Amino acid sequence: MRHSAATLRKAVLAAVVAAAATVSASAQPSVSVDTEWVFDATAAQPGSTIRAALGVRIQETWHVHSNKPLEEGLIPTVLKVNAPEGFAVTRVVYPEPVMLTLSFSPDPLSVFENEFVIGVELAVGEEVAPGTYSIKGELHYQACDDKTCVAPDSRSLEYALNVVADADSVERVESPLFDEIASWEGGEVPSDAPQDGPPVAVTFDEDCDVLAVLEDFDILATTGGYLGADEFLAFIDAAETGVKQKGMFEGKGILAVVVLIIVGGVLLNLTPCVLPLIPINLAIIGAGAQSGSRLRGFALGGTYGISMALVYGVLGLLVVLAADKFSFGQINSTIWFNVAIAILFVFLALAMFDVIAIDFTKYQGKLDVTSRARQGTFVLAFFMGSVTALLAGACVAPVVIQVIVYSADLNAKGHKIALALPFLLGVGLALPWPILGAGISVLPKPGMWMVRVKQALGVFILVFAGYYGYLAWEIFDNTRGVTEADVAAAAELEEGWTASICEGLARAGVENKPLFVDMWATWCKNCLAMDKTTFKDPAVVARLEGYVKVKFQAENLKASPAKELLEQFDGIGLPTYAILRPKNAAGGIR
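Everything in this summary refers to the structure shown in the same document. (Residues numbered from 1 in each chain as written. Predicted model: local features only at pLDDT ≥ 70, side-chain atom pairs only at ≥ 80, totals over all residues. Heavy atoms only, no water.)

## Concerning the sheet that holds strand β14 (residues 497-498)
- Pairing within the open sheet is mixed, and its 5 strands lie in the order β13-β17-β15-β16-β14. On the outer flanks of this sheet lie β13 (217-224) and β14, each paired with one strand and no other.
- Bridge count between strand β15 (residues 515-520) and strand β17 (residues 576-582): 5 bridges; the pairing is antiparallel. When the bridges of β17 are listed, D518 appears paired with Y577.
- The sheet strands contacting helix α4 (residues 229-241) are β13, β15 and β17, and the helix crosses β13 at an angle near 155°. (Pairing = 2+ DSSP bridges. Helix = DSSP H or I, 4+ residues; strand = E, 2+ residues; numbered from the N terminus. Contact = heavy atoms within 4.5 Å. Axes fitted to C-alpha atoms, helices over the stretch in contact; angles between N-to-C directions.)

The following block contains the structure:
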């Protein structure tokens, strides 16, 4: 009985819709339906895939039935694409329907309201010759409001698609319509779409020349460290759209850092353990009033200042290069390193607040050689500048150490300008000395204000201490709970992954697919944390579905090919990720 009632209800509903469809066109209301068809590239290449988004806007208060109506007899919304020979529609993605209850139906209906987007994926055959091809489509639908359904209607679509042989002729097209398509993997596969055959046989040499094979690939994007799902998806988006992620030194960033370092060096002259010693140091080198002429005094002061700048520059260069040699990028991704740096900066900040004392200027008196150089010599000025740089005391050493550590960190991240930062700090410290050596007094008198300057520097150093402390906590938070079982699980590859970089490169080339490389090691806690979290995220799994995926184990970063891969990917440690594309592929990633 219930079955009969349901059948009767469906029949009545179908009859209502059918009756509406037979009403003469003159008696029906005019329903505005606008369409916009956008392709995601200006052209395609043979053997590639291109996507299109169809935006549909229906007049307010009206809707159309979804592609899968819940009741029999209702007209579904269907997009049909007529592709020319050599082309094939591989996927049609409809939006999520809205459940709507109307006056003529006691049960909710599955509909598309107001504005919605349909996605189409089109494969271009290998045999398609370069040229312009007409891609035609037709959208079938029936519009209804709460009381009325108009006759089924359709909209014709046509797009002139260029097929080119040169990948450089393919440019990506940005449109907000593509943002409305939730998941291409969730689309419908047309019945006439080409079906996946058996896996393509790929032959490769396990001992391949990785660098030579990489020449056939474009490296679209690289990054590293622990990334949450959202960060990782943003990384993939940047690679797929060709948007380069800006580094901190791009644009005006480098100018701001250089100016800040130099100004900081100048301010070091105003600290309590430097400013009072300036007249004494001028007397030692024979500059100022004892120089005989302002020009000679300027030269002596300049020599003194250049010596200080060179000491800081050479010291910083040695430390930074040594850190680079011992894989600073790998070291600074550990908890203990960031905790140690945070503690060091807290200790240095306490010195700036006079809680503890770090002052070696008392040893400078033992090097007083004024009796031997009344008018000063350039050798003496250079020597005393070096001594002053090394024995500057509590007011200078904390800032110098901070700049050197900061420079090592930046250099490990690939910013070679960082090698010059310690020298630039010395330049700032040296700037007033030629002027002072010429006998021109530009420095204010000592006072309480100097303590305030030093305390301000202490606050600045505490900010860096907090930054490194935060990094330590972030690493700890991401890696806690990682066990030996997780190490074993990481070594067991999931379906769709390979451990061989040679196989991955070969398969990506043969299948004309993008390649994702995850460089990891058993000692890398962040790597294991990624396997437990981000790489298990459904959205991440879906986004990597169309990739050839390589999980390359790099236990020894100094061994080949791990060393070469890390250099090619601009990696500073593990984990390091890279997205590559065969050079014979179309402009974007599908």
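## Regarding the packing of aromatic side chains
- According to the stated counting rule, one finds 14 aromatic pairs in the structure shown.
- Measuring from centroid to centroid gives 4.0 Å for F39 and Y159, while their planes differ by 15°, and the two rings are stacked. Taken together, the residues F39 in strand β1 (residues 33-39) and Y159 in strand β12 (residues 153-163) connect sequence positions 120 residues apart.
- Residue F39 is classed as buried on the basis of its relative accessible area, which comes to 3%. (Phe/Tyr/Trp six-rings, centres within 6.5 Å; stacked < 30°, edge-to-face > 60°. Buried < 20%, exposed > 50% of the residue type's maximum accessible area, 1.4 Å probe, protein only.)

## Considerations on helix α16 (residues 501-511)
- Every buried residue of α16 is listed here: I501, C502, G504, L505, A506 and A508.
- Of the residues flanking the start of α16, the one acting as N-cap is S500, its side-chain oxygen 3.4 Å from the backbone nitrogen of C502.
- Backbone geometry just downstream of α16 places N512 in the positive-phi region, at approximately 55°. (Polar contact = N/O pair within 3.5 Å; in protein donor to acceptor, adjacent residues only side chain to side chain.)

## Considering unusual backbone geometry
- Put simply, S560 and P561 share a cis peptide bond, and its omega is 5°.
- Relative to the helices and strands, P561 resides in the loop between β16 (548-553) and α19 (562-568).
- Despite not being glycine, T61 has its phi angle at roughly 75°, a positive value.
- Taking relative accessible area as the criterion, T61 reaches 62% and is therefore assigned exposed.
- A positive phi is found at N114, a non-glycine position, where the angle reads about 50°.
- Relative to the elements of secondary structure, N114 occurs in the loop between β8 (105-113) and β9 (115-124).

## A look at the state of the cysteines
- Inspection of every chain in the model, using the stated rule, returns 2 disulfides.
- In this model, C144 is linked to C149 through a disulfide, with the two sulfur atoms separated by 2.0 Å. On the sign convention where negative means left-handed, the S-S torsion of about 105° between C144 and C149 marks this disulfide as right-handed.
- Paired by a disulfide, C208 and C502 hold their sulfur atoms 2.0 Å apart. With the S-S bond torsion at -90°, the cross-link from C208 to C502 turns out left-handed. With a gap of 294 residues between them, C208 in the loop between α2 (176-179) and α3 (210-214) and C502 in helix α16 connect regions that are remote in the sequence. (Disulfide = S-S within 2.5 Å.)

## Focus: the pattern of salt bridges
- A full pass over the atoms with the stated rule returns 13 salt bridges.
- A salt bridge links E115 to R57, with the nearest nitrogen and oxygen atoms 3.1 Å apart. One end of the pair, E115, is in strand β9; the other, R57, is in strand β3 (residues 49-58), and 58 residues separate them in sequence.
- Note on E115: relative accessible area 55%, which makes it exposed.
- Taking relative accessible area as the criterion, R57 reaches 47% and is therefore assigned partly exposed. (Salt bridge = Lys/Arg side-chain N within 4 Å of Asp/Glu carboxyl O.)

## Here we look at the pairing of β15
- Across the 6 residues of β15, 6 count as buried, placing the element largely inside the fold.
- Note: β15 against β16, 6 bridges, orientation parallel. Of the residues in β16, the one forming a bridge with W520 is Q553.

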